[in-house]
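# Summary of the model geometry
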Number of protein chains: 2
Amino acid sequence: MYPIQRCIGYSHDVTDLPAISPRRERTRERLLDAAAEVFARVGFGAASVEAIADAAGFTRGAFYSNFESKEALFLALIERQGRRHVAALEAAVARLDADVVRARHLNSDAIRSVLAAVTQGKVPESGWYLMNSEFELLAMRAPGIGAAWMAQQRAMRAELSGVLDRLLGGLGLRFTTDPAIAVELLLGAWAASARDASVAGEPEVAPEALEALVDLLITEA
Amino acid sequence: MYPIQRCIGYSHDVTDLPAISPRRERTRERLLDAAAEVFARVGFGAASVEAIADAAGFTRGAFYSNFESKEALFLALIERQGRRHVAALEAAVARLDADVVRARHLNSDAIRSVLAAVTQGKVPESGWYLMNSEFELLAMRAPGIGAAWMAQQRAMRAELSGVLDRLLGGLGLRFTTDPAIAVELLLGAWAASARDASVAGEPEVAPEALEALVDLLITEA
């Protein structure tokens with residue numbers, strides 16, 4: 001139903017994908033950016049294909065030559081977010097390697113950087129949490145979409161677990177529990193804090209619970 | 001804007017509340033039950049006051065003589081859920097006291113009972129998670145409602161923290177972190193697991209992450 005096979009790979013090398021012209025890629029990116037803005041503003045249900053195409057400066061026809069449906073676009077949006085998420089985390093890992101060379105000991109700033117990378121791009125004011133809630137509702141009411149989405153999310157979490165596990169090893173640290181479970185708990189705690197901030201109308205996510213969880217989850221190797 | 005002062009007390013003694021006739025109480029309960037069903041089926045936005053009144057077997061007028069608005073009814077619904085939640089937890093505590101008398105040691109079944117009590121009434125198939133997501137979206141788009149809801153949720157969590165802290169003490173156990181943070185992490189992990197199950201269309205919440213968190217959060221006193 002959806003091109004989930006392309007989504008779950010999270011390939012960073014565009015040569016792995018079917019050839020897409022740079023122009024077509026720019027069109028897709030503009031449609032994705034416009035959709036993110038429209039979904040956050042009016043909600044997934046109320047966002048028409050016309051409104052999304054219009055916000056991107058394209059016709060309805062251009063939309064459908066790039067995406068099968070509004071749902072397919074949403075999956076592509078989440079896949080893009082996942083790819084950016086993993087890329088941000090890998091960049092954080094690359095930066096931290098220098099820290100490891102300089103000081104081979106438990107570094108709370110390093111842990112905070114990892115945490116920031118895990119939750120990157122998902123701050124309340126970005127509209128991400130709101131959009132995500134919209135898609136959750138859609139997925140809960142339309143099971144076929146939900147299964148594809150969960151497959152995508154689980155693949156992203158598995159990749160995050162691997163990256164974090166290697167990162168901690170390089171810092172002389174380890175998770176106190178299975179890395180996949182640790183990532184599930186970290187993302188869950190982040191989502192709960194982001195939800196509270198979004199609902200209360202607070203601009204910042206309160207860090208206390210996340211920091212307490214990091215202390216429980218990470219120890220010296 | 002909302003009768004939040006009445007909500008945040010979570011009083012279990014009806015004599016604390018302004019006198020409400022048993023008949024009026026039954027009407028309110030039927031409207032709340034009907035609303036829960038209608039919200040879960042069509043969503044908060046699409047649920048009309050007429051549809052809720054109709055499902056309960058009442059007129060639109062009866063609705064408005066009991067609730068100021070659909071939003072006020074939703075807060076009352078969440079307040080009722082919170083009251084039931086705390087009552088279930090207190091019942092679990094009462095049952096566990098007998099265990100403490102019989103065997104004064106760490107009891108993983110006891111911990112599982114606590115966990116079941118914390119998450120009671122919030123299984124995916126109940127429609128609760130779906131309805132909660134609807135309200136989250138509403139609250140994120142209408143800040144006045146969000147603030148009232150968060151005040152109510154924080155009061156419920158504070159009550160849960162107190163109950164769990166006393167319970168653990170009675171079992172010779174303690175939280176490894178601040179009880180309020182522990183409850184926030186437990187509820188966050190539960191919500192994340194319930195969300196995954198709801199989105200994937202699975203009937204049961206996977207317990208692994210929650211159990212790992214309980215192991216990290218609870219230790220012998």
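If you're wondering where the values come from, they're calculated on a predicted model, not measured in any experiment. (Residues numbered from 1 in each chain as written. Chains lettered and ligands numbered in written order. Predicted model: local features only at pLDDT ≥ 70, side-chain atom pairs only at ≥ 80, totals over all residues. Heavy atoms only, no water.)

## Points about the interface of chain B and chain A
- Listed by partner, the interface residues are 42 residues for chain B and 42 residues for chain A.
- When the buried area of chain B at its contact with chain A is split by residue, B:M140, B:R141 and B:V199 rank highest and sum to 19% of it.
- For the interface between chain B and chain A, the tally reads four salt bridges.
- Of all the elements in the fold, those that place two or more residues in the side of chain B that touches chain A are α2 (22-42), α7 (128-141), α8 (143-170), α9 (179-200) and α10 (208-217) of chain B.
- In terms of residue count, the dominant contributor to the side of chain B that touches chain A is α9(B) (12 residues).
- Within the side of chain B that touches chain A, the residues separate by chemical class into 22 nonpolar, nine polar and 11 charged. (Contact = heavy atoms within 4.5 Å. Buried area = accessible area lost by both parts, 1.4 Å probe. Salt bridge = Lys/Arg side-chain N within 4 Å of Asp/Glu carboxyl O. Helix = DSSP H or I, 4+ residues; strand = E, 2+ residues; numbered from the N terminus. Nonpolar A, V, L, I, M, F, W, Y, C, P; charged D, E, K, R; others polar.)

## Some words on α10(B)
- Of all 10 residues in α10(B), seven are buried, a share of seventy percent or more.
- Among the residues making up α10(B), those that are buried are B:A209, B:L210, B:A212, B:L213, B:V214, B:L216 and B:L217. (Buried < 20%, exposed > 50% of the residue type's maximum accessible area, 1.4 Å probe, protein only.)

## A few points about the side chain of B:D196
- Secondary-structure assignment places B:D196 in helix α9.
- Under the relative-accessibility criterion, B:D196 is labelled buried at 7%.

## Considerations on the relation of the copies chain B and chain A
- Least-squares fitting of chain B to chain A yields an RMSD of 0.0 Å, with the transformation described by 0.0 Å of translation along the axis and a rotation of 180 degrees. Expressed as an axis order, the relation between the two copies is that of a two-fold axis. The position closest to the rotation axis in chain B is occupied by the C-alpha of B:G188, lying 2.9 Å away. (Least-squares fit on C-alpha atoms with pLDDT ≥ 70 in both.)

Keep in mind that these numbers describe shape and distance, not what the molecule does.
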